[in-house]
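A look at the structure
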Amino acid sequence: MADGPIQVDPATPTARFAVLASPIEGRGAFALRRFEAGDRIVQYDGERISKTESLRRCEGGNSFIFALDAEWDLDGDQPDNPARFFNHSCDPNCEARLDKGAIWLIARRNIRPGEELTFDYGYDLTEYRQHRCHCGGPGCCGFIVAEHLRDQLSHEESLTPPMATSRSRLGDKSPP
Ligand SMILES: [Zn+2]
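Residues numbered from 1 in each chain as written. Predicted model: local features only at pLDDT ≥ 70, side-chain atom pairs only at ≥ 80, totals over all residues.

1. Things to note about the pairing of strand β9 (residues 102-107)
Residues Ile103, Leu105 and Ala107 point to one face of β9 and are all buried, whereas Ala102, Trp104 and Ile106, pointing to the other face, are not buried. Counting the residues that bridge the hairpin from strand β8 (residues 94-99) to β9 gives 2 residues, and of these Lys100 lies at a positive phi of roughly 50 degrees. (Buried ≥ 20, exposed ≤ 12 C-beta atoms within 10 Å, placed from the backbone. Helix = DSSP H or I, 4+ residues; strand = E, 2+ residues; numbered from the N terminus. Pairing = 2+ DSSP bridges.)

2. Focus on the sheet that holds strand β2 (residues 27-31)
If you walk across this open sheet you meet the 4 strands as β1-β2-β10-β7, and the pairing is mixed. Here the strands that pair on one side only, and so sit at the sheet edges, are β1 (17-21) and β7 (87-88). Across 2 bridges, the pairing between β2 and strand β10 (residues 116-119) is antiparallel. Residue pairing for β10: Ala29 is matched across the bridge by Leu117.

3. A word on the environment of Pro23
One can find Pro23 in the loop between β1 and β2. The exposure class of Pro23 is exposed, given the 11 C-beta atoms found within 10 Å. The sequence separation of Pro23 and Glu116 amounts to 93 residues, and the corresponding C-alpha distance is 9.2 Å.

4. Here we look at the nonpolar core
Ranked by size, the top nonpolar core spans 24 residues in total, and within it Ile41, Phe66, Phe86, Cys94, Leu105 and Leu117 carry the most contacts. Of all the elements in the fold, those that place two or more residues in this core are β1, β2, β3 (40-44), β5 (65-67), β8, β9 and β10. Aside from chain neighbours lying at most four places away, what touches Leu105 is Ile41, Val42, Tyr44, Ala83, Phe86, Cys94, Ala96 and Phe119. Counting residues in hydrophobic clusters, the runner-up holds 9 residues, among them Cys90, Tyr128, Cys133 and Cys135. (Core = buried A, V, L, I, M, F, W, Y, C linked by C-beta atoms within 7 Å. Contact = placed C-beta atoms within 7 Å.)

As structure tokens, this is what we get:
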């Protein structure tokens, strides 16, 4: 890979992951220490934006937007949000959880140092063909689509266009 290591700082006790060239796509986040299932790894930080602004940015190709609640979204495409390097996987070792208005990436199982950290981006079926998945996981469906929608892909020819237009991450989940 031509892309060299960046943001690696294992000397810092707080360093939890390094951003390195990823076999899945571009750069990814790799664990620098062990995580237990349930550990909070990093907050997915970003700019709070309205739904109108969110739609504008989604249409502009921004794929880092999470739905926070009925009113607000979060745009994680910010230089000070290293969590944006977490890649999607169909067999992820982390999950995104909304907690008191903040999004956390949390280990869903025990993770060894060196493992790439991934979560399910939770995209709906809108334009899913534009979002190919290269995770190589055992259950990879070939596209970045929320787990509960993947079985619909085998019936894609009979699919009607989904009503929802939002491609926001977590867009299909209600706030707690
Ligand atoms: Zn996949």
